[in-house]
Amino acid sequence: MNTNCNPKINTYNHDKRFATYLEKENSKRIIFSAPFGMGKTQFLQNFFANNTADYECFHLFPINYQVAANEDIFDIFKFDLIQHLVAKNLIKSDDKLSKSLIAQSYMINEGGNIVWRILKQFTKIGSPILGQGVESVENNLNFLNNIKKYQRKINNLKIDKVINFINEVVGNNKLVYGFDFMGRLISESIESIEGKQSVLILDDLDRIDPGHIFRILNVFSAHFDKTIGDEDINKYGFDKIILVCDFNNIKNIFEYLYGPKTDFNGYINKYMSCPYYEFWIFNEVIRYILDNISDDDLKQIPNILLTIFKKHLVLIDSNSYYLTLRDISSFLNNKFQDIYVCKIQRIYNGRKYIISTDAPLTRFLSYMKILHLEYWDFIGDLKSEFSLEVFNLIGVFWLLNENLEKTLFDYNMLNPMFEHTKNSEIKFNKITENQFIEMKNLNIVNSELIESIVIKVSLIYSNCFSNETVI
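On a predicted model such as this, the values are computed, not experimentally measured, just so you know.

A. The arrangement of the overall build of the chain in detail. Summing up its helical and strand segments, the chain has 22 helices and eleven strands in all. Looking at the chain as a whole, 47% of its 471 residues are labelled buried. A separation of at least 24 residues holds for 79% of the contacts in the chain among residues at least 6 apart in sequence.

Below you can see the structure in the form of C-alpha cells.
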C-alpha cells in the first residue's frame, strides 16, 4: 500500500489522452487545468520524463516573478531558460552563432559611431564625384570585414557571455535593454533541437497572488504574440507552450477583479490556440482511496464513502470541496494519535454501563474532518443511503436514543447486538443483512433517527479533552 506524501494515482488513461491532445496541429499554446493540489505538476513531470524521445521539456515556475517589476519579468524568465539550456548542454562553447546575430551584437558592442558613419557614406554616394562613391563602398567592405573578425572572436566567448548574463541577473536583478542578445541565443538554441518538439511549461500559476497573476500573464502575452504571415509562431520557436493552472479559479479571479460582465473568454483566448485540457482524475483518486484504506472499519463502508466523495469532493462549483493529493495522504495516514477517548455513562433498568467514543462512527467523523467535511455536510447522505453499512457504522451509539434502546429490549434484540464487557463497557456486534431488514420491517430503526444520533456524537466528541473525560 502506497500512502506516502505523493500518492501514485493511476493516470494511464490520461497519459494516452494527453498524448493525443499534444499531437493536434493547433495545440501550440495550451492551458492545462485542474484544481489546486490535484497533481498537475507531478503528472506533467512524469509524462515528459517518459516521452523524452518525442519532447524536450523546459519546466519553469514563475511564482517568484510576482516580486519583479514588469520590465524585469522577462529577463528573469530568460535567466531561467538559460539555466535549463546550459543544464541540457544545448549551449556549447564551440557552437557557431548565426551571422545576423553576430552583426547585431557587433552593432551594439563594437560599432561605435557606425550609424553616423553609414549616414556619411549615403551622403557621399549622393555626390556627383565618383571617387567619393567608390570610397563609400570600400569603407563598407571594411565594415563587413570587421564583422567577420568579430564573428571569430564572439564564437569563442559565447559561454562567457552566458555566464556574465546569469551573474548580472543574480547580482543586479536587471539588464541593459536594447539588442536582445540572450533572446536570440535562446531562439537559436531551441531551434537547434532536432528530432523532437520543444515544450515550455509555465507551472504553479495557481500560487501567484491574485493581484499579480494577470500582470504577469500580460507580460508574457506581449512577448509571446507573434504572427508571421498566416502562421502563428511561439516566442523563441517553442513548439508548445503550456500554462498550468485551474481554469475555473483563474476565471473567478478575473471576474472578481474586473467584474462579471468583462469578457474573460476574449482575454484568456490569447493564451490558448485550442480548448484547454482538463486534468480530471477524481474517479481514479476515489478508486485509489478505496483500494488503500488501512482502517478496518472504513473498509466496511465503501458505498458510504463513494457517495460522499462523489457528491462533496468531485463537483466543481463555488460551494464544493476539492479532494487534493495532500488530503489523500492525510486521509490514508490518519492514526488518531491525538484523539481522546471519552466515556459516556448510561443507566438502563437500574444498571450502569459505559459507551466509549473509541468506535467506528467517531473515527469516520475524524476522517471526514481531514477532508474538510462536517457532519452537516453529509448527514443527508447517511439518511438517504440508509443501509446495513450505515447501521453498523453508527453501531453502539444507537443506544443514545432511549426509545430505540427500550424497543430493542422489548423485541429481545438488545442482547445479541450489544454485549456487556467486564469493565461495564458496551461492545457492539455487527448485524446481518437479514437482521437489518427485519428491524426496518418492524419500523424499529429508520433514517430519521440517524441525524439526532450523529449530532449527539459530534457534540460529545468535540467536548473530549482527555482520555479521562466522562460524560
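B. A nonpolar patch on the surface, seen in detail. Nonpolar side chains collect at one region of the surface, where Tyr256, Leu257 and Tyr258 lie side by side and expose about 380 Å² of accessible area between them. Mapped onto the elements, tyrosine 256 comes out in helix α10 (residues 247–258).

C. The pattern of salt bridges, seen in detail. Taken as a whole, this structure holds eleven salt bridges when the rule is applied. Between lysine 88 and glutamate 56 there is a salt bridge; the shortest N-O distance is 2.9 Å. You can see lysine 88 sitting in the loop between α3 (70–87) and α4 (99–109) and its partner glutamate 56 sitting in strand β2 (residues 55–60), a full 32 residues away along the chain. We classify lysine 88 as partly exposed; its relative accessible area is 30%. For glutamate 56, the salt bridge goes to lysine 196, with nearest N and O atoms at 3.5 Å. Of this pair, glutamate 56 sits in strand β2 while lysine 196 sits in the loop between α8 (181–191) and β3 (197–202), and the two are 140 residues apart along the sequence. A relative accessible area of 15% means that glutamate 56 is categorised as buried.

D. Geometry of the sheet that holds strand β6 (residues 240–245). Strand order in the open sheet formed by five strands is β2-β3-β6-β1-β7, with parallel pairing between adjacent strands. Pairing within the sheet leaves two strands with one partner each, and these edge strands are β2 and β7 (277–278). In this sheet, β7 lies alongside strand β1 (residues 29–33) in parallel orientation, the contact comprising two bridges. Considered in β7, the bridge of serine 33 is made with glutamate 278.

E. Fine view of the side chain of arginine 29. By the element assignment, arginine 29 lies in strand β1. Of the polar contacts made by the side chain of arginine 29, one reaches the side chain of asparagine 234; its length is 3.1 Å.

F. The arrangement of unusual backbone geometry in detail. For tyrosine 236, which is not a glycine, the phi torsion comes out positive at approximately 65°. With respect to the helices and strands, tyrosine 236 occurs in the loop between β5 (231–232) and β6. One non-glycine residue, asparagine 443, lies in positive phi territory at about 60°. For asparagine 443, the location among the structural elements is in the loop between α21 (433–441) and α22 (448–462).

G. View of the nonpolar core. Ranked by internal contacts, the top residues of the largest apolar core, which has 83 residues, are Phe18, Phe48, Phe364 and Phe397. Look past the residues within four positions of phenylalanine 48 in its chain and what remains in contact with it is Phe18, Leu22, Tyr55, Cys57, Val199, Ile201 and Ile242. Of all hydrophobic cores here, the second largest spans 44 residues; its members include Phe181, Leu217, Ile253 and Ile268.

H. Summary view of the packing of aromatic side chains. The tally for this structure, following the rule as stated, stands at 33 aromatic pairs. Ring centres 5.3 Å apart and planes at 80° place the aromatic pair phenylalanine 364 and phenylalanine 378 in the edge-to-face group. Taken as a pair, phenylalanine 364 in helix α16 (residues 360–370) and phenylalanine 378 in helix α17 (residues 375–384) lie far apart in primary sequence, 14 residues in all. In this structure, phenylalanine 364 and phenylalanine 378 share a single accessibility class: buried. Ring pairs connect the aromatic residues Phe18, Tyr21, Phe32, Phe43, Phe47, Phe48, Tyr55, Tyr277 and Phe279, which therefore count as one cluster.

I. Here's a closer look at the confidence of the model for the chain. Residues with a pLDDT of 70 or more make up 70% of the chain, whose mean pLDDT is 75. Within the model, the stretch residues 118–134 combines pLDDT values under 50 with eight contacts to residues more than four positions away or in other chains. A low-confidence stretch, residues 173–179 (pLDDT under 50), is modelled with 17 contacts involving residues beyond four sequence positions or located in other chains.

J. Focus on the packing of helix α14 (residues 302–312) against α17. Put simply, α14 and α17 touch, their axes get as near as 10 Å, and they point 130° apart. Overall, the two elements α14 and α17 adopt an arrangement that is oblique. Both α14 and α17 take part in a crossing whose hand is right-handed. On the side of α14, the interface is formed by Ile304, Thr307, Ile308, Lys311 and His312, while α17 contributes Asp377, Phe378, Asp381 and Leu382.

K. Spatial organisation of the environment of histidine 312. Secondary-structure assignment places histidine 312 in helix α14. Each C-alpha atom, one on histidine 312 and one on leucine 373, is 8.4 Å from the other, the two residues being 61 residues apart in sequence.

Conventions we followed
- Residues numbered from 1 in each chain as written.
- Predicted model: local features only at pLDDT ≥ 70, side-chain atom pairs only at ≥ 80, totals over all residues.
- Heavy atoms only, no water.
- Helix = DSSP H or I, 4+ residues; strand = E, 2+ residues; numbered from the N terminus.
- Buried < 20%, exposed > 50% of the residue type's maximum accessible area, 1.4 Å probe, protein only.
- Contact = heavy atoms within 4.5 Å.
- Patch = residues over 30% accessible without salt bridge, like charges linked within 9 Å, V, L, I, M, F, W, Y side chains within 5 Å.
- Areas by Shrake-Rupley, 256 points an atom, 1.4 Å probe, with all protein chains shown as cover.
- Salt bridge = Lys/Arg side-chain N within 4 Å of Asp/Glu carboxyl O.
- Pairing = 2+ DSSP bridges.
- Polar contact = N/O pair within 3.5 Å; in protein donor to acceptor, adjacent residues only side chain to side chain.
- Core = buried A, V, L, I, M, F, W, Y, C linked by side-chain atoms within 4.5 Å.
- Phe/Tyr/Trp six-rings, centres within 6.5 Å; stacked < 30°, edge-to-face > 60°.
- pLDDT = per-residue confidence, 0-100.
- Axes fitted to C-alpha atoms, helices over the stretch in contact; angles between N-to-C directions.
- Parallel < 35°, antiparallel > 145°, perpendicular 65-115°, else oblique.
- Left-handed = near helix turned anticlockwise from the far one by under 90°.

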